[in-house]
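Structural characterization, general
Each chain is listed here by its residues.
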Amino acid sequence: MKKDDIIESAIASLRTRITRVLPQEVRDCLDLLTEEQVWWRPNEQSNSVGNIVLHITGSLNHYLNRNLGGFEYHRNREAEFAERRQIPKSELREIFDSMVSKADKTFDAIDVDKLGDPSPEPKMHKLVIDDLVNIAAHFSNHAGQIVWITKMLRGSEVHEIWMKAHNAYAWPKEQA
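What comes next is a walk through the structure. (Residues numbered from 1 in each chain as written. Predicted model: local features only at pLDDT ≥ 70, side-chain atom pairs only at ≥ 80, totals over all residues. Heavy atoms only, no water.)

1. Focus: the nonpolar core
Counting 38 residues, the largest nonpolar core has Val-26, Ile-56, Leu-64 and Leu-132 as the members making the most contacts within it. Elements supplying a minimum of two residues to this core: helix H1 (3-32), helix H3 (49-66), helix H5 (89-108) and helix H7 (128-154). Sorting elements by how many residues they give to this core places H7 first, with 9 residues. Leaving out residues up to four positions away in the same chain, Leu-132 has contacts with Leu-14, Ile-18, Leu-64, Leu-68, Phe-107, Ile-110 and Leu-115. (Core = buried A, V, L, I, M, F, W, Y, C linked by side-chain atoms within 4.5 Å. Buried < 20%, exposed > 50% of the residue type's maximum accessible area, 1.4 Å probe, protein only. Helix = DSSP H or I, 4+ residues; strand = E, 2+ residues; numbered from the N terminus. Contact = heavy atoms within 4.5 Å.)

Spelled out as structure tokens, the structure:
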């Protein structure tokens, strides 16, 4: 297999997880939670699912969609965690889905050559590929927190969210 084919596969894998798999995990959890549970927190130092969704949205809008996709975005990271209004789930999901839609468009412009470009965040990373790996890892970390909180609040209603999302979007389908 040629290096470019391997790199194209890596880009496709990152895109699938950032724009399909992880967003589906977040959506599935939001669907299971009540409005109150989305904003529940065990203590004032902890984040609610709603705050984590705002944080993921802000982070990806900044590091992926703004920095790599050219979308205008002005981030207020502190506000992502400070939010105490109970934004309705439907509004929260619209904000989140808008970010995911932009992420999909951002990936349309990412190719093998772009991965070797200097990172727009040189204090954090050397190359664009480093940015993408960090974005995926960061998103995965927070999606895992959302799944864990949902399991804690909904128990057995949360069944294999991770597996369902990967089966739907990431893993090869069996040929009939």
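Structure's up, so let's keep going.
2. Examining H5
Compared with the 28 Å implied by 1.5 Å per residue over 20 residues, the 29 Å span of H5 between its first and last C-alpha is a close match. By the burial criterion, the buried members of H5 are Leu-92, Phe-96, Met-99, Val-100, Ala-103, Asp-104, Thr-106 and Phe-107. Projection of H5 onto a plane perpendicular to its axis shows the buried side chains occupying an angular sector of 155 degrees, all on one side. For H5, the exposed residues lying more than 90 degrees away from the buried face are Glu-94 and Asp-108. Close packing links the buried residues of H5 with H1, helix H2 (35-38), H3 and H7. (Expected span 1.5 Å × (residues − 1). Arc of directions from axis to C-beta.)

3. Concerning the side chain of Glu-83
Summarising the element assignment, Glu-83 is placed in the loop between helix H4 (77-82) and H5. For Glu-83, the side chain forms a polar contact with the main-chain nitrogen of Arg-85, separated by 2.9 Å. Leave out the neighbours within four places in its chain, and Glu-83 touches Trp-39, Arg-41, Asn-51 and Leu-54. (Polar contact = N/O pair within 3.5 Å; in protein donor to acceptor, adjacent residues only side chain to side chain.)

4. Digging into the packing of H3 against H7
Interaxial distance between H3 and H7 falls to 10 Å at its minimum, and their mutual angle equals 170 degrees. Here H3 is positioned roughly antiparallel relative to H7, judged by the angle of their axes. Residue-level inspection shows Val-49, Ile-52, Val-53, His-55, Ile-56, Ser-59, Leu-60, Tyr-63 and Leu-64 of H3 in contact with H7, the latter providing Leu-132, Ile-135, His-138, Phe-139, His-142, Ala-143, Gln-145, Ile-146 and Ile-149. A breakdown of the residues in the contact of H3 with H7 according to their chemical character gives 13 nonpolar, 5 polar and no charged. (Axes fitted to C-alpha atoms, helices over the stretch in contact; angles between N-to-C directions. Parallel < 35°, antiparallel > 145°, perpendicular 65-115°, else oblique. Nonpolar A, V, L, I, M, F, W, Y, C, P; charged D, E, K, R; others polar.)

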